[in-house]
Amino acid sequence: MKLTRRQLVVGGAGTALGAALGGAGIYELLDRLADEGGGLPRRRAGGAEQHVVTLDKVVDNGVEVLVPPLHNEVVTATVRVEETRVALREAREALEAALRRLEGEYAPEPRGLHVTVAWGLPYFSRYVPSLADQHLPVDLRASEARGRSTRALIDAIRFPSDPDDLVLEENEVAVFFRSDNSEHVRAGSKALFASLEGLFEPTSIRRGFIGGGFGGEQSLPKKMALAAGIPGAELIPDTAELFLGFTSSQKNTMGPGRIANHETIPGLTDQHPDGYFRGGTAMHLSHIFEDLEAWFLNFDFSERVTTMIRPETRVAQGTQTIAQTEEDAADVEAVKRDARRHGAFGHSASIQPASRLQEAIVGTDETPYPKGTAIPQRADFDTLDNPFFWSSRPDVDRLSNEPAAGVHFVVFNPTSDDFHRNRLAMDGVLPDGTKLPIDPRGRGAGFNAVLNATHRQNYLVPPLRHRSFPLSELL
Ligand code: HEM
């Protein structure tokens with residue numbers, strides 16, 4: 001389905017906030033595609049975590065794959081609350097009430113609407129600086145490596161493959177909405193921000209989609225890229241989960257259960273047994289443009305496989321889901337060997353020395369996690385935002401109405417530094433400090449050559465019980 005010129009507009013530039021929150025722009029197409037799921041009112045099931053979602057599983061090419069919610073939105077904001085105990089209490093109660101209203105309306109699961117509230121360092125520094133000093137989790141591994149106390153939430157950094165004009169953001173809060181039903185995302189986000197008007201001043205709205213092709217249908221990334229006339233769209237495999245044509249949510253590559261919590265990996269942070277943020281996690285949010293034409297035209301299928309997974313990976317033409325078991329996971333030596341032999345490393349393999357457990361552990365949740373278990377819980381999704389659907393600072397964010405292929409990269413790791421270790425490995429800087437002699441933006445460095453990151457920030461996701469204005473109740 002092709003859209004008319006008017007409908008091709010992504011959203012944002014020049015659009016008032018109220019209209020942007022409710023409006024759909026190019027994503028109107030999503031409303032016209034078959035939406036799944038109803039959403040029965042239900043309270044959030046068990047669990048202390050905000051970030052953990054129970055996902056359906058399917059089997060593709062003999063590999064178990066988790067099915068992420070089809071529709072996604074992140075709204076970032078600045079807090080507009082006086083820096084007093086009373087004002088913060090009112091704001092906390094208002095946010096908590098608004099979140100509970102949403103949970104009353106939509107079950108917090110993919111069929112309903114799952115909401116995660118994450119807080120940036122500027123919130124902690126402005127509203128609760130001394131409580132933050134006392135209670136923010138300390139990353140014990142990072143503290144030891146740097147020789148000084150390092151929190152589990154630290155400022156985002158520029159990575160070797162980042163363009164010079166990348167924006168390091170300073171939002172105070174980010175709210176992440178996920179659902180199989182695009183209307184739930186749109187209505188939920190609009191209702192939440194309408195009821196908090198005056199408390200939160202949105203700085204950006206970011207929208208997108210993932211999957212939809214596991215039953216053999218044309219997937220959302222394919223449909224949306226075609227409709228927007230993105231160069232290279234016709235080259236995307238019909239059922240691709242993401243624009244680049246490979247499944248990214250197989251069960252073995254996603255951290256199971258509570259492994260991404262601050263406290264689960266013994267000795268990683270100081271949150272076990274009774275930290276204030278026990279049950280919480282760190283979140284990274286970035287936006288990355290993808291050059292689909294370069295990916296599909298400059299790399300043939302077998303090069304796309306070796307670039308995405310590992311230089312020695314061989315699979316049948318057209319395979320989208322490629323098994324990455326605990327035993328398949330590459331360690332530092334394997335990645336160094338690949339770099340020597342091939343002058344290249346794959347995206348998945350380069351990250352695995354940082355993203356997989358290098359030794360078996362028993363978590364503080366008493367779960368045994370074998371060697372090779374994945375730690376991060378990725379929740380990224382494709383987008384046509386350029387780079388956002390809407391921004392309060394269109395010039396700084398270089399907002400455009402032209403649709404552009406990209407990813408809003410959302411991931412939960414136990415600490416920000418744990419994410420940085422993963423992301424550095426993706427650029428050839430391994431956890432043992434080795435810098436591989438490969439240009440971090442070159443063809444040998446996974447698919448970095450077709451990516452361009454535009455924005456980044458780290459956040460902290462408190463456990464459910466402290467999701468609203470964390471620490472302010474202790475003032
Ligand atoms: C920008 C576009 C990106 C795309 C399209 C993409 C796609 C993929 C795909 C297809 C896989 C294979 C996983 C599977 O078979 O289930 C993968 C693995 C992974 N990616 Fe990315 N990725 C992107 C960016 C990133 C970034 C920025 C990071 C940050 C570090 C990252 C971290 C990971 C991790 C941790 C894994 C799992 C590795 C493992 O433990 O096996 N990805 N990605």
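Residues numbered from 1 in each chain as written. Predicted model: local features only at pLDDT ≥ 70, side-chain atom pairs only at ≥ 80, totals over all residues. Heavy atoms only, no water.

A.B. asks: What should I look at first to understand the pattern of salt bridges in this one?
C.D. replies: Under the counting rule described, the total for this entry stands at 25 salt bridges. Across the pair Arg-100 and Glu-96 runs a salt bridge whose closest N-O atoms are separated by 2.9 Å. On the criterion of helical spacing, the pair formed by Arg-100 and Glu-96 is a turn pair, its members being four residues apart in helix 4 (residues 85-105). A residue is classified by how much of its surface remains accessible, and Arg-100, at 47% relative accessible area, is partly exposed. One salt bridge in this structure joins Arg-341 and Glu-312, with 3.3 Å as the shortest N-O distance. Pair noted here: Arg-341 is in helix 12 (residues 332-342) and Glu-312 is in the loop between helix 11 (301-308) and helix 12, with a separation of 29 residues, a long-range link. Residue classification places Glu-312 among the partly exposed positions, given a relative accessible area of 41%. Members of the salt-bridge network, linked through shared partners, are Glu-96, Arg-100, Glu-103 and Arg-467. (Salt bridge = Lys/Arg side-chain N within 4 Å of Asp/Glu carboxyl O. Helix = DSSP H or I, 4+ residues; strand = E, 2+ residues; numbered from the N terminus. Buried < 20%, exposed > 50% of the residue type's maximum accessible area, 1.4 Å probe, protein only.)

A.B. asks: For this particular structure, what's the right way to read unusual backbone geometry?
C.D. replies: What you tend to see is this: most non-glycine residues have negative phi, and most peptide bonds are trans. At the junction of His-272 and Pro-273, the peptide bond is cis and its omega measures out at 5° in the coordinates. Its place among the elements puts Pro-273 in the loop between helix 9 (220-228) and strand 8 (281-290). For the bond running from Asn-386 to Pro-387, omega is -15°, close enough to zero to count as cis. Checked against the element boundaries, Pro-387 lands in the loop between strand 12 (381-383) and strand 13 (390-391). Although it is not a glycine, Glu-366 adopts a positive phi angle of roughly 65°. In this structure, Glu-366 sits in the loop between strand 9 (361-362) and strand 10 (368-369). Of note, the phi angle at Leu-471 is positive, near 75°, even though the residue is not glycine. Counting through the fold element by element, Leu-471 comes out in the segment after strand 15 (451-461). Of the residues examined, Leu-471 reaches a relative accessible area of 0% and is grouped as buried.

A.B. asks: Help me out: how do you make sense of the site of the ligand in this one?
C.D. replies: By nearness alone, 27 residues border the ligand, and Gln-250, His-347, Gln-352, Ser-355 and Arg-356 come closest of all. Thr-253 is positioned such that a nitrogen or oxygen atom in its side chain is 2.9 Å from an oxygen atom of the ligand. Separating a nitrogen atom of the ligand from a side-chain N or O atom of His-347 is a distance of 2.9 Å. Put simply, the ligand lies in the largest cavity. Of all elements in the fold, only strand 8, helix 13 (347-355), strand 14 (406-413) and helix 14 (416-426) reach the threshold of two or more residues within the shell around the ligand. In terms of residues, the shell around the ligand owes the most to one element, helix 13, which gives five residues. (Near = heavy atom within 4 Å. Polar contact = N/O pair within 3.5 Å; in protein donor to acceptor, adjacent residues only side chain to side chain. 1 Å grid on protein atoms, 1.4 Å probe; cavity = no way out; pocket = protein on both sides within 12 Å on 5 of 7 lines; lining within 4 Å. Sits in = over half its atoms within 2 Å of the grid points.)

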